[in-house]
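Secondary and tertiary structure notes
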Amino acid sequence: MFRILVVILGLALVHSLPMVSAAQAENQFRAGAATSNITPPLGGSIVGGFLPIPSKHVHDELHARCLVLDDGETTIALVVCDLLGIHRKISDEARRLIEERVGISPEHVLISATHTHSAVSAIGDRFEVDQKPNNYQQFVASRIADGVQRAHNLLRPAEFGFTTVDVPEHVFNRRWFMKEGTVPLNPFGEIDQVKMNPPGGSDNLVKPSGPTDPTISILSFREVDGDPISVMATYSLHYVGGVGSGHISADYFGMFCDKLTHLLDAAEQDTPFVPIMANGTSGDINNINFTKPRGRKSAYEQMRYVAHDVAEKVSQALADVQYKSEITLGAKYREPVIPTRQVSPGKLAWAQSLLEEPEPESNRANLPRIYAQRTLNMSKQPKEEPIPIQAFRIGDVSIGTMPCEIFCEIGLEYRARTPRKPGFMISLNHGYYGYLPTPKQHALGGYETWLGTNRLEVDASVILLDNLIEMTEELAGEKSSE
């Protein structure tokens with residue numbers, strides 16, 4: 001009898017083991033990554049300058065780079081697109097498709113743009129809230145959903161590590177104080193206190209109006225056997241530029257990804273490695289050292305130099321990353337209602353009067369006329385808009401997002417104030433609402449504060465950042481990595 005009882009207990013124990021393993025597997029941290037090609041047909045208008053130009057050649061393909069993470073209870077998707085920006089309609093449609101296909105909540109999906117200045121527009125009419133998406137916008141939304149679905153298909157047990165590296169030599173504040181009387185009139189006939197992109201090496205330069213952020217934040221995901229799944233880096237560098245005329249290009253963001261894949265010896269993996277470079281808070285930051293005269297370089301020369309150097313430094317930083325497999329995730333989403341900039345009767349009369357004049361025959365950008373049209377467009381926008389913002393937690397790391405070209409100071413403040421450290425921000429998530437300066441920078445004027453370039457009220461950055469900090473505080477109270 002005793003022997004029979006022992007056998008029965010033994011068989012019961014054996015049969016219970018697979019169930020324990022399955023339960024453990026359900027709560028195991030997993031990651032999957034994939035890319036979708038979002039290169040448009042040739043002929044569409046490349047945006048980034050004051051005057052769009054038709055695309056004539058594809059130098060390198062544009063992609064939506066997709067990363068899906070799952071801790072057994074929460075699933076999030078992080079998507080970065082090689083685009084100047086996206087209209088909110090694209091994000092809404094892509095997130096609807098993602099939820100329909102793989103069940104990820106729209107509030108758990110990040111969709112941002114790199115801000116390459118050599119892509120066909122996916123913004124459409126930035127001042128029209130209820131615009132109908134055009135063919136390219138519909139294509140981009142569908143391809144984002146494809147990429148997330150494929151990344152979800154590839155979810156497998158993973159480990160996560162985080163690190164940073166400072167690379168100050170490529171980032172420069174582009175807004176400068178200049179000697180009295182040397183700042184030219186702006187398009188509205190007014191004098192700003194600062195100038196964007198002043199003459200390089202000019203004796204009239206005094207000092208930059210703000211700081212830079214040299215820190216690259218690096219999220220690294222690998223399989224349990226060590227093969228890399230994805231590395232997502234975020235750097236506060238606007239873009240580099242210097243492309244061929246009419247060329248479509250992902251800018252340094254794409255070149256960085258190609259170089260990092262080579263450096264990590266990951267090009268021949270059966271399941272492709274997916275590197276990602278997101279845009280941090282670079283609204284007032286670019287790659288031009290204004291203390292020196294600008295020399296001429298061949299197309300793509302500077303872009304390749306920056307991309308390869310940044311990839312080298314990220315690769316070196318990855319060598320010391322400590323990985324964990326017990327990772328939990330969190331996400332918060334809000335849409336605070338923010339007042340928009342209102343056009344004064346005087347400004348509106350100026351714009352209407354200027355646009356009634358015959359259009360100049362010159363092909364050069366006529367800034368007063370361009371901003372008169374933008375002023376007219378802004379007079380038709382709603383007096384307030386719900387602005388989508390998100391906060392994510394990956395283990396102990398916090399990420400904040402806003403749908404604007406965020407000034408560097410805001411990103412630095414987020415990093416200092418977030419209760420869950422380390423933390424960093426990503427720009428241009430879920431839409432395009434123009435530049436986001438601080439109130440202090442607004443008072444100085446300059447390109448990023450002009451009507452038509454800037455859409456939200458002067459204190460918008462304060463309201464949005466306070467909301468974002470509240471969201472990260474909520475996430476900080478949740479259980480993180482063991």
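Residues numbered from 1 in each chain as written. Predicted model: local features only at pLDDT ≥ 70, side-chain atom pairs only at ≥ 80, totals over all residues. Heavy atoms only, no water.

A short note on the overall build of the protein chain
- Scanning the protein chain from N- to C-terminus turns up ten helices and 26 strands.
- In terms of overall dimensions, the protein chain has C-alpha extents of about 105 × 45 × 45 Å along its principal axes.
- Looking at the protein chain as a whole, 54% of its 482 residues qualify as buried.
- Sequence separation of 24 or more characterises 81% of the internal contacts of the protein chain that already satisfy a separation of 6 or more.
- If you sum the accessible surface of the protein chain, you get close to 20,700 Å²; carbon and sulfur atoms cover 51% of it. (Helix = DSSP H or I, 4+ residues; strand = E, 2+ residues; numbered from the N terminus. Buried < 20%, exposed > 50% of the residue type's maximum accessible area, 1.4 Å probe, protein only. Contact = heavy atoms within 4.5 Å. Areas by Shrake-Rupley, 256 points an atom, 1.4 Å probe, with all protein chains shown as cover.)

Some points on the packing of helix α6 (residues 345-356) against helix α7 (residues 367-378)
- Where α6 contacts α7, the two axes come as close as 9 Å, and the packing angle between them is 125 degrees. One finds that α6 runs oblique with respect to α7. Of the two possible hands of crossing, α6 and α7 adopt the one that is left-handed. Facing α6, whose interface residues are K347, L348, W350, A351, Q352, L354 and L355, α7 presents P368, R369, Y371, A372, Q373, T375 and L376.
- When grouped by side-chain class, the residues that make up the contact of α6 with α7 number nine nonpolar, three polar and two charged. (Axes fitted to C-alpha atoms, helices over the stretch in contact; angles between N-to-C directions. Parallel < 35°, antiparallel > 145°, perpendicular 65-115°, else oblique. Left-handed = near helix turned anticlockwise from the far one by under 90°. Nonpolar A, V, L, I, M, F, W, Y, C, P; charged D, E, K, R; others polar.)

With respect to unusual backbone geometry
- Here the bond from K421 into P422 is cis, since omega is 5 degrees, no more than 30 degrees from zero.
- As for its position among the elements, P422 is in the loop between α8 (408-417) and β25 (423-426).
- Unlike most non-glycine residues, N197 shows phi in positive territory, near 50 degrees.
- Structurally, N197 is set in the loop between β12 (194-196) and β13 (205-208).
- On the accessibility criterion, N197 (26% relative accessible area) is partly exposed.

Regarding the environment of L451
- For L451, the position within the fold is in the loop between α9 (439-444) and α10 (460-476).
- A relative accessible area of 7% places L451 in the buried class.
- Residues L451 and A31, spaced 420 residues apart in sequence, show a C-alpha to C-alpha distance of 43 Å.

Details of the sheet that holds β12
- One open sheet accounts for three strands, arranged β12-β11-β13; its pairing is antiparallel. Strand pairing shows two members of the sheet lacking a second neighbour, β12 and β13, which therefore form its edges. For this sheet, the mean inter-axis angle between neighbouring strands, taken without regard to orientation, is 40 degrees.
- Pairing analysis gives three bridges linking strand β11 (residues 175-178) to β13, with the strands arranged antiparallel. Paired with F177 across the bridge in β13 is K207. (Pairing = 2+ DSSP bridges.)

Regarding the pattern of salt bridges
- One pass over the full model with this rule turns up 24 salt bridges.
- A salt bridge links R334 to E470; the nearest nitrogen and oxygen atoms lie 2.8 Å apart. Highlighted residues: R334 in strand β19 (residues 329-334) and E470 in helix α10, separated in sequence by 136 residues.
- Of the residues examined, E470 reaches a relative accessible area of 39% and is grouped as partly exposed.
- Taken together, the shared-partner salt bridges in this structure form one network comprising R88, D92, R95 and E335. (Salt bridge = Lys/Arg side-chain N within 4 Å of Asp/Glu carboxyl O.)

Structural notes on the sheet that holds strand β22 (residues 389-394)
- Taken in spatial order, the four strands make up an open sheet running β19-β22-β23-β25, and their pairing is mixed. Two strands in the sheet have a free side with no partner beyond their single neighbour: β19 and β25. Averaged over all pairs of adjacent strands, the angle between strand axes in this sheet comes to 15 degrees, irrespective of strand direction.
- As defined by bridge partners, strand β23 (residues 397-401) adjoins β25 across four bridges and the pair is classed as parallel. Looking across to β25, one finds that S398 is bridged to G423.
- Its contacts with the sheet place α10 against β19, β22, β23 and β25, and it is angled at close to 30 degrees to β22.

Some remarks on helix α5 (residues 301-318)
- Its 18 residues give α5 an end-to-end C-alpha distance of 26 Å, which sits within 8% of 26 Å, the value for a rise of 1.5 Å per residue.
- Of all the residues in α5, the buried ones are M303, V306, A307, D309, V310, A311, V314, S315, A317 and L318.
- Close packing links the buried residues of α5 with β9 (156-166), β14 (215-223), β15 (228-235), α4 (251-263) and β17 (274-279). (Expected span 1.5 Å × (residues − 1).)

Quick look at the nonpolar core
- If you look at the biggest cluster of nonpolar residues, it comprises 39 residues, and the most contacted ones within it are L83 and I144.
- Elements with a contribution of two residues or more to this core: β2 (45-47), β5 (63-70), β6 (75-81), α2 (88-102), β7 (109-113), β8 (119-120) and α3 (135-153).
- Ignoring any residue separated from it by four or fewer positions in sequence, one finds I144 in contact with A64, C66, V79, C81, I90, A94, I98 and I111. (Core = buried A, V, L, I, M, F, W, Y, C linked by side-chain atoms within 4.5 Å.)

Focus on the confidence of the model for the protein chain
- In the predicted model, the protein chain carries a mean pLDDT of 92, and 92% of its residues have values of at least 70.
- A low-confidence stretch, residues 1-24 (pLDDT under 50), is modelled with zero contacts involving residues beyond four sequence positions or located in other chains. (pLDDT = per-residue confidence, 0-100.)

Things to note about α7
- Its twelve residues give α7 an end-to-end C-alpha distance of 16 Å, which sits within 8% of 16 Å, the value for a rise of 1.5 Å per residue.
- Taken residue by residue, α7 has R369, I370, Y371, A372, R374, T375, L376 and M378 as its buried positions.
- Considering only its buried residues, α7 is in contact with α6.

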